[in-house]
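# Summary of the model geometry
Now for the letters of each chain:
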Amino acid sequence: MSDKAEIKQIIDESGDKYKYGFVTDIDSDTAPKGLSADIIRLISAKKGEPDWLLERRLKAFEFWQTMTEPTWAKLAYDKVDYQDLYYYSAPKQKVAPKSLDEVNPELLKTYDKLGIPLKEQEVLAGVVAVDAVFDSVSVATTYRAKLAEKGVIFCSISEAIREHPDLVKQYLGSVVPYTDNFFACLNSAVFTDGSFVYIPKGVRCPMELSTYFRINAKNTGQFERTLIIADDDSYVSYLEGCTAPQRDENQLHAAIVEIVVLNNAEVKYSTVQNWYPGDKDGKGGVYNFVTKRAACRGINSKVSWTQVETGSAVTWKYPSCVLQGDNSVGEFYSVALTNNHQQADTGTKMIHIGKNTSSRIISKGISAGFSNQTYRGLVRIAPNASNARNYSQCDSLLIGSTCGSHTVPYVENRSKTAQLEHEATTSKISDEQLFYCRSRGISEEDAVSLIVSGFCKEVMQQLPMEFAIEAAKLINISLEGSVG
Amino acid sequence: MADPLLKIEDLCAQVAGKEIIKNFNLTINEGEVHAVMGPNGAGKSTLSHVLTGKPGYEVTSGHVWFKGKDLLKMSVEDRAREGLFLIMQYPVEIPGVPVTSFLKHAVNAQRQYNNEPELDTMEFIKLLREEAKKLGIDAEMLKRPVNVGFSGGEKKRLEALQMTILKPSLAILDEADSGLDIDAIKVVSNGVNALMNEHRALLIITHYQKLLTYIKPDFVHVFADGHIVKSGNSSLSEEIEQNGYAAYTKEQ
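Rules used throughout
Residues numbered from 1 in each chain as written. Chains lettered and ligands numbered in written order. Predicted model: local features only at pLDDT ≥ 70, side-chain atom pairs only at ≥ 80, totals over all residues. Helix = DSSP H or I, 4+ residues; strand = E, 2+ residues; numbered from the N terminus. Buried ≥ 20, exposed ≤ 12 C-beta atoms within 10 Å, placed from the backbone. Contact = placed C-beta atoms within 7 Å. Core = buried A, V, L, I, M, F, W, Y, C linked by C-beta atoms within 7 Å. Nonpolar A, V, L, I, M, F, W, Y, C, P; charged D, E, K, R; others polar. Axes fitted to C-alpha atoms, helices over the stretch in contact; angles between N-to-C directions. Parallel < 35°, antiparallel > 145°, perpendicular 65-115°, else oblique. Left-handed = near helix turned anticlockwise from the far one by under 90°. Pairing = 2+ DSSP bridges. Expected span 1.5 Å × (residues − 1). pLDDT = per-residue confidence, 0-100.

### Let's talk about the overall build of chain A
In terms of regular secondary structure, chain A is built from 11 helices and 23 strands. Within chain A, the proportion of its 484 residues that are buried is 55%. In chain A, the proportion of contacts linking residues at least 24 apart, taken out of those at least 6 apart, comes to 82%.

Written as structure tokens, this is what we have:
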């Protein structure tokens with residue numbers, strides 16, 4: 001079966017374009033609606049957290065109350081009523097599962113349906129280890145024993161807080177402090193779960209690590225917190241996938257991802273974000289307000305963000321690299337696709353502090369339908385960052401004439417020796433290109449997906465193989481109905 | 001006798017409200033090579049665009065039968081899958097899409113239409129390499145994005161390769177404008193001549209007789225004022241070469 005036929009089948013089977021839109025019927029342990037110091041105490045108590053963490057949460061909450069929601073992004077959405085949300089929801093489980101056999105079978109079924117098998121023997125013959133986060137809590141982490149042999153720690157952040165408090169205390173909030181921004185501050189107060197990764201000195205992580213985030217419960221905000229630490233001379237490739245049920249109400253997702261990269265270490269972080277984008281009239285969908293940042297703290301540290309974003313009603317997201325160590329390298333590869341009434345304001349920040357630091361930005365934006373998309377990027381070169389280099393390329397592709405695309409690159413250079421290059425293009429799929437393909441027997445829809453895949457190629461090549469195929473399918477599904 | 005491969009009856013077509021094709025008639029049978037010649041700007045390319053179904057061209061009256069089917073009712077892609085192939089004068093660039101995957105999509109779309117099993121990547125690449133070799137096309141070129149940075153000659157080579165792979169029943173060679181690249185034309189002619197047999201046909205649209213020294217036509221038609229004003233055998237093109245189109249255009 002061709003890819004196209006396969007996708008068609010997926011769509012037909014689900015009866016809708018968004019095949020992840022189902023709801024799992026499961027009993028949840030939910031904290032009362034609304035946000036207050038008491039709710040935060042309740043979350044912290046439910047998780048059996050140490051005092052220092054509760055204090056940090058309360059401090060963040062206090063600060064958050066003095067902040068206002070940012071309005072500088074080119075996004076228009078109904079104001080979020082933060083008191084009308086649930087901040088904690090966990091699938092009911094009598095005791096914490098010790099192994100997968102003890103995990104609620106409904107949950108396992110959910111992940112199976114999503115194409116994320118959690119039974120270890122099924123997980124791609126040992127090439128990917130998975131941490132699955134369902135609403136507020138991590139439900140299963142696979143391949144832990146195998147990873148432990150190498151000293152790799154891969155578990156939920158709640159577990160890390162209990163089992164590895166020193167590492168968490170040292171690094172949590174060290175890349176994204178709670179004072180950073182409105183959404184990050186909210187997350188710091190109420191985060192519930194997420195993934196934790198520690199790669200020890202000199203270890204090349206033997207498999208891809210993957211976290212799969214799922215929002216299930218209604219009116220529940222998902223606030224995950226991911227912390228990755230790559231110690232000296234280590235390497236890890238980390239994948240993140242996200243889906244949510246189809247609901248008429250908007251769902252809030254405000255996550256933080258912090259990455260710490262030490263001497264000669266490298267972290268590759270890939271995201272395929274497919275939160276529910278809302279229906280074709282713009283009703284429902286996830287608000288995705290995410291702070292992702294990596295600190296390259298050592299010499300020759302390297303971090304690479306690759307993202308394929310097809311989901312969410314509203315996206316506000318700027319995965320960034322702080323290049324502190326000399327010779328450190330930051331990369332950002334992004335494909336953002338918006339259709340119907342989706343809005344995305346996304347880009348990156350490259351902060352050059354160390355000497356001989358270099359960064360590379362390849363951003364590909366595809367807008368269709370009535371969607372609006374903005375690339376917003378900052379390249380900052382500090383006075384001491386001698387011989388810093390940046391290359392930025394921002395390309396936009398418009399499909400149809402009712403969508404919008406905007407490019408807002410900020411450059412702040414305080415070094416005389418910096419070399420900065422910026423290229424930007426905006427193009428449309430031309431009638432001539434479509435006719436050329438069709439006159440060779442290729443249908444208009446296939447022609448559009450061919451042209452789009454050609455447009456995104458540089459970014460897709462950065463993704464691990466399995467993920468790249470998944471991402472290409474997602475892009476095709478998201479383009480459905482954008483022509484003709 | 002079998003149906004003609006292509007039968008154009010009293011075709012009238014306009015572009016942006018201007019009538020370019022007026023009561024045009026032409027019948028092409030299997031195995032025949034036809035050349036439609038005419039002065040620059042007479043609208044010869046319009047003919048190839050109307051036949052292939054390019055958007056922007058409006059047929060106001062008349063019929064076109066292709067293998068007995070109503071061609072004008074078919075979509076652009078179905079016309080191609082049915083066996084109509086236009087060798088374009090100015091093929092467009094498709095950035096990021098390698099020749100191989102572009103052609104694989106085209107071939108499998110055609111095979112699906114004909115209820116044939118699709119070729120998998122290995123089968124297709126084998127076929128493509130063999131045909132490319134015959135046309136003197138380097139394997140490296142197959143990895144490059146379609147027409148991006150191609151020289152004029154390379155573009156024509158790719159057109160010839162596509163034709164060879166898709167094996168159309170009727171190929172239309174549109175070289176309506178002046179400014180022929182002789183080397184490029186040789187490439188296309190070789191491809192066309194290799195493909196021609198008693199079941200296939202070719203329609204050449206050109207200004208210059210020169211092209212017809214590489215591909216010998218069975219019939220030559222002079223196109224002026226929106227339709228064919230004179231038909232003959234290949235000697236007609238030699239006459240035009242000597243005397244020009246003056247005798248056939250109203251203005252002169």
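### As for helix 8 (residues 182-190) of chain A
Residue and element names in this part refer to chain A. The element helix 8 is largely enclosed, with a buried count of eight among its nine residues. Considered for burial, the residues of helix 8 that qualify are Phe183, Ala184, Cys185, Leu186, Asn187, Ser188, Ala189 and Val190. Those residues of helix 8 hidden inside the fold are in contact with helix 2 (37-46), helix 3 (51-64), strand 8 (225-230), strand 11 (256-261) and strand 13 (285-296).

### Some details on the nonpolar core
All names here are of chain A. Ranked by internal contacts, the top residues of the largest apolar core, which has 186 residues, are Val197, Ile259, Val261 and Val267. At nine residues, the largest contribution of residues to this core is made by helix 10 (residues 444-460). Ignoring any residue separated from it by four or fewer positions in sequence, one finds Val197 in contact with Ile153, Phe154, Leu209, Ile228, Ile229, Val236 and Tyr238.

### Comments concerning the interface of chain A and chain B
The interface is formed by 18 residues belonging to chain A together with 23 residues belonging to chain B. Only helix 9 (431-438) and helix 10 of chain A provide two or more residues apiece to the side of chain A that touches chain B. When the residues that make up the side of chain A that touches chain B are grouped by side-chain class, the tally is six nonpolar, six polar and six charged.

### Topic: the packing of helix 9 of chain A against helix 10 of chain A
All names here are of chain A. Their axes nearest at 9 Å, the elements helix 9 and helix 10 cross at an angle of 120°. The orientation of helix 9 with respect to helix 10, classified from their angle, is oblique. As helix 9 runs across helix 10, the sense of the crossing is right-handed. Facing helix 9, whose interface residues are Gln433, Leu434, Cys437 and Arg438, helix 10 presents Glu444, Ala447, Leu450 and Ile451. Split by residue class, the contact of helix 9 with helix 10 holds five nonpolar, one polar and two charged.

### Here's the deal with the sheet that holds strand 9 (residues 219-224) of chain B
Residues and elements named next belong to chain B. Spatially, six strands are ordered 6-7-8-3-9-10 in an open sheet, and the strand pairing comes out mixed. Since the sheet does not close on itself, it has two edges, and those belong to strand 6 (84-87) and strand 10 (227-232), each with one partner. For this sheet the average axis-to-axis angle between neighbouring strands, irrespective of direction, equals 20°. Inspection of the sheet shows strand 3 (residues 33-37) paired to strand 9 by four bridges, in the parallel sense. Within the sheet, the bridge partner assigned to Val36 lies in strand 9 and is His221.

### Some details on unusual backbone geometry
Phi at A:Asn356 takes a positive value of approximately 55°, unusual for a residue other than glycine. Here A:Asn356 shows up in the loop between strand 18 (343-352) and strand 19 (358-367). Even without glycine at this site, B:Asn147 takes up a positive phi of about 65°. Here B:Asn147 is to be found in the loop between helix 4 (121-134) and helix 5 (152-166).

### Overview of helix 10 of chain A
All names here are of chain A. The terminal C-alpha atoms of helix 10, which comprises 17 residues, lie 22 Å apart, in line with the 24 Å expected from a rise of 1.5 Å per residue. Of all 17 residues that make up helix 10, 12 are buried, and the element is covered over most of its length. Looking at helix 10, one finds that the buried residues are Asp446, Ala447, Val448, Ser449, Leu450, Ile451, Val452, Gly454, Phe455, Cys456, Val459 and Met460.

### A closer look at the sheet that holds strand 5 (residues 69-70) of chain B
Residues and elements named next belong to chain B. What the four strands build is an open sheet, ordered 2-1-4-5; its pairing is antiparallel. Single-partner strands in this sheet number two, and they are strand 2 (18-28) and strand 5. Of the strands in this sheet, strand 1 (6-15), strand 2 and strand 4 (57-66) are in contact with helix 1 (residues 44-52), which crosses strand 4 at around 70°.

### Section: the pairing of strand 16 (residues 320-323) of chain A
All names here are of chain A. Of the two faces of strand 16, both are covered, the one formed by Ser320 and Val322 as well as the one formed by Cys321 and Leu323. Across four bridges, the pairing between strand 13 and strand 16 is parallel. Bridged to Arg293 within strand 16 is Ser320. Relative to strand 18, strand 16 runs parallel, the two sharing four bridges.

### With respect to the environment of A:Ser405
Residues and elements named next belong to chain A. Here Ser405 lies in strand 22 (residues 404-413). Note: C-alpha distance between Ser405 and Ser371 (34 residues apart in sequence) is 8.6 Å. Filtering out sequence-adjacent residues up to four positions away, Ser405 remains in contact with Gly365, Ser367, Gln373, Ser396, Leu398 and Thr426.

### Things to note about the confidence of the model for chain A
Residue and element names in this part refer to chain A. Chain-level statistics for chain A give a pLDDT mean of 83 and a share of 79% at 70 or above. Taken element by element, the predicted model of chain A shows its lowest mean pLDDT in helix 1 (residues 3-14) (44) and its highest in strand 16 (98). Across residues 120-127 the pLDDT falls below 50, and counting only partners more than four positions away or on other chains, this stretch makes 11 contacts in the model.

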